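What the coordinates show
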Amino acid sequence: MQTTNIGIIGFGTVGSGTVRIILENSDLIKERTGIKLNIKGIADLDIKTDRGIKLPKGTLVSDANKLIEDPEIDIIIELIGGTGPAKDLILAAIDKGKHVVTANKALLATDGNELFSAAQTKGVYLGFEASVAGGIPIIKVLKEGLSANRILSVYGIINGTSNYILTRMSEEKVDFDAALKEAQELGYAEADPTFDIEGIDTAHKLALISSLVYGIPLSYEKIYCEGISKISTLDIEFAAELGYKIKLLAITKISDGDVEMRVHPTMVPVNYMIAKVDGVFNAIYVEGDAVGETLYYGRGAGDMPTGSAVVSDIIDIAMKKGSSYHDPLRPYGNARIKSIDDIESNYYFRFTALDKPGVLSRVSGILGSHGISIASVIQKGRREGEAVPLVVLTHKSRESNVKKAISEIDGLDVVSGSSVVMRVEGDED
Ligand code: HSE
């Protein structure tokens, strides 16, 4: 029986889930793989708090370097998160010739090119299944299951907190702050909730997905990113009336040979399967040229789902012991990344415009002058001479034209405040 010794750095939510799974399922893992996973040490600054897990004496240590220096440890599991000490610890572990497993999407998105290259130079593996969509094995799907395909597009709901907030706002009419607080209490939110609500966490994960499917170096800084903090219940209600749900989508696709990478609130037709993904659940839609449309659904956060992904990487590494390791993120492509200004989409606009004759023709005139074709217009309410919401849906339009038109419309004396602009998925025309 082969024993693989592991050292875990970080005994918080995901660390505890990982340890629990290894302890509870070790017999099954042994039977299934012939490998005994042995937790040689767990490092955390807090070695006092009772996590409700019985560990042999001496397992818990406060100095992570003890584990990195331990020649008997084969794999280091980094679960402290953040872009501070985590990077140095991972690099030190790689330098010692240890394989590393991490759930740290923020670090990989920003410094991943350096970390993956260091791992490749040393011939060790850097596993990151847990860093995207928690328990959904999407990295293995993209890296292995769909490896024969050209990936045409990926659309993901990959931040449970945002999805929870949007679901609560649309179903229970709960306001934004209350829904965020609930998500934080449930343990889904990042330490800094800005990462969740401003789309940053989603963009971190998207950077990994795009690199994997299009072979480009990690390019987090080139992702267009818009969060959900400005979404109002008014737009959620109008979207529902028009047959859409608002979802924070991570989108990457090939268009005209270029790669699109964007994160933004999106109106999705209610009959799309991804529109039915509610609460903290995540889902990722992937279209491959051979396989066609596929969809993956599950929990994107939490101790046990994320622990499940961490342990799957550990088992993978343990089973491949002795064979050569390929860098799971080895850039090979040279596609350009498309600027957000060059994308084309259908759009939803909500103007606050005076209810009087001639206003609509001025608005539609500006849209027309920028080549934006209107699919439908609804005026909400009737208050002559007063401001009312004017909702416009467009046919496929270019983002740069939309920006110019909206800025002109916002300058009209009959339009007040800033207009709302949202991209709409659905039948493209
Ligand atoms: N804050 C993340 C989420 C946790 O809400 O999905 C998992 O990355």
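Residues numbered from 1 in each chain as written. Predicted model: local features only at pLDDT ≥ 70, side-chain atom pairs only at ≥ 80, totals over all residues. Heavy atoms only, no water.

The subject of this paragraph is the overall build of the chain. When you go through the chain residue by residue, the secondary structure sums to 14 helices and 17 strands. Projecting the C-alpha coordinates of the chain onto the three principal axes gives extents of approximately 80 × 45 × 35 Å. Put simply, the chain has 429 residues, and 53% of those count as buried. Taking all contacts inside the chain whose residues are at least 6 apart in sequence as the whole, residues at least 24 apart take part in 74%. Of the roughly 18300 Å² of accessible surface on the chain, 50% is carried by carbon and sulfur atoms. (Helix = DSSP H or I, 4+ residues; strand = E, 2+ residues; numbered from the N terminus. Buried < 20%, exposed > 50% of the residue type's maximum accessible area, 1.4 Å probe, protein only. Contact = heavy atoms within 4.5 Å. Areas by Shrake-Rupley, 256 points an atom, 1.4 Å probe, with all protein chains shown as cover.)

The next thing to look at is the nonpolar core. Ranked by size, the top nonpolar core spans 75 residues in total, and within it Leu-126, Ile-138, Ile-165, Ile-228, Met-267, Val-286 and Tyr-348 carry the most contacts. Leave out the neighbours within four places in its chain, and Met-267 touches Ala-239, Leu-242, Tyr-244, Lys-245, Ile-246, Tyr-348, Leu-393, Met-422, Arg-423, Val-424 and Glu-425. Within the second largest apolar cluster, 26 residues are counted, among which are Ile-22, Leu-37, Ile-39 and Tyr-125. (Core = buried A, V, L, I, M, F, W, Y, C linked by side-chain atoms within 4.5 Å.)

A separate point is the site of the ligand. In the region of the ligand, the neighbouring residues are Lys-105, Asn-159, Gly-160, Thr-161, Tyr-188, Ala-189, Glu-190, Asp-196, Asp-201, Lys-205, Gly-300 and Ala-301. The separation between an oxygen atom of the ligand and a polar side-chain atom of Lys-105 is 2.5 Å. Thr-161 is positioned such that a nitrogen or oxygen atom in its side chain is 2.7 Å from an oxygen atom of the ligand. Protein contacts shield 92% of the accessible area of the ligand, which totals 260 Å² for the unbound molecule. Elements with a contribution of two residues or more to the shell around the ligand: helix H7 (160-171) and helix H10 (200-214). The residue inventory of the shell around the ligand, partitioned by class, reads 3 nonpolar, 4 polar and 5 charged. (Near = heavy atom within 4 Å. Polar contact = N/O pair within 3.5 Å; in protein donor to acceptor, adjacent residues only side chain to side chain. Nonpolar A, V, L, I, M, F, W, Y, C, P; charged D, E, K, R; others polar.)

It is worth spelling out the domain arrangement of the chain at this point. Taken as a whole, the chain is organised into domain 1 (2-134 + 304-320), domain 2 (141-298) and domain 3 (340-424). Each of domain 2 and domain 3 has a C-alpha centre, and the two are 25 Å apart. Opposite the 17 residues of domain 2 that make contact, domain 3 presents 13 residues. Surface buried jointly by domain 2 and domain 3 totals about 1400 Å² across both partners, of which 68% is contributed by carbon and sulfur atoms. Linking domain 2 with domain 3 are 2 salt bridges, by the criterion used here. (Domains from an automatic or database assignment. Buried area = accessible area lost by both parts, 1.4 Å probe. Salt bridge = Lys/Arg side-chain N within 4 Å of Asp/Glu carboxyl O.)

Here Ser-376 shows up in strand S14 (residues 374-379). C-alpha of Ser-376 to C-alpha of Val-391: the two residues are 15 residues apart in sequence and 8.2 Å apart in space. Ser-376 has contacts with Val-391, Val-392 and Leu-393, leaving out every residue within four places of it along the chain.

In this section: the packing of aromatic side chains. Applying the stated criterion across every chain yields a total of 5 aromatic pairs. For the pair Tyr-155 and Tyr-285, a centre-to-centre distance of 5.8 Å together with 70° between the ring planes defines the contact as edge-to-face. Residue Tyr-155 is found in strand S7 (residues 151-157), and its partner Tyr-285 is found in strand S11 (residues 281-288); the two are separated by 130 residues along the sequence. By relative accessible area, which is 18% here, Tyr-285 ends up buried. With 6.1 Å between their ring centres and 25° between their planes, Tyr-347 and Phe-349 make a pair best called stacked. (Phe/Tyr/Trp six-rings, centres within 6.5 Å; stacked < 30°, edge-to-face > 60°.)

Among the residues of helix H11 (residues 233-241), those classed as buried are Asp-235, Ile-236, Phe-238 and Ala-239. Looking down the long axis of H11, one finds its buried residues gathered within 165° of arc, a one-sided arrangement. Contacts made by the buried residues of H11 are with H7, strand S9 (244-255), strand S10 (258-269), strand S13 (344-354), strand S15 (387-394) and strand S17 (415-424). Count one or two residues on from H11 and you reach Gly-243, which has phi positive near 90°. (Arc of directions from axis to C-beta.)

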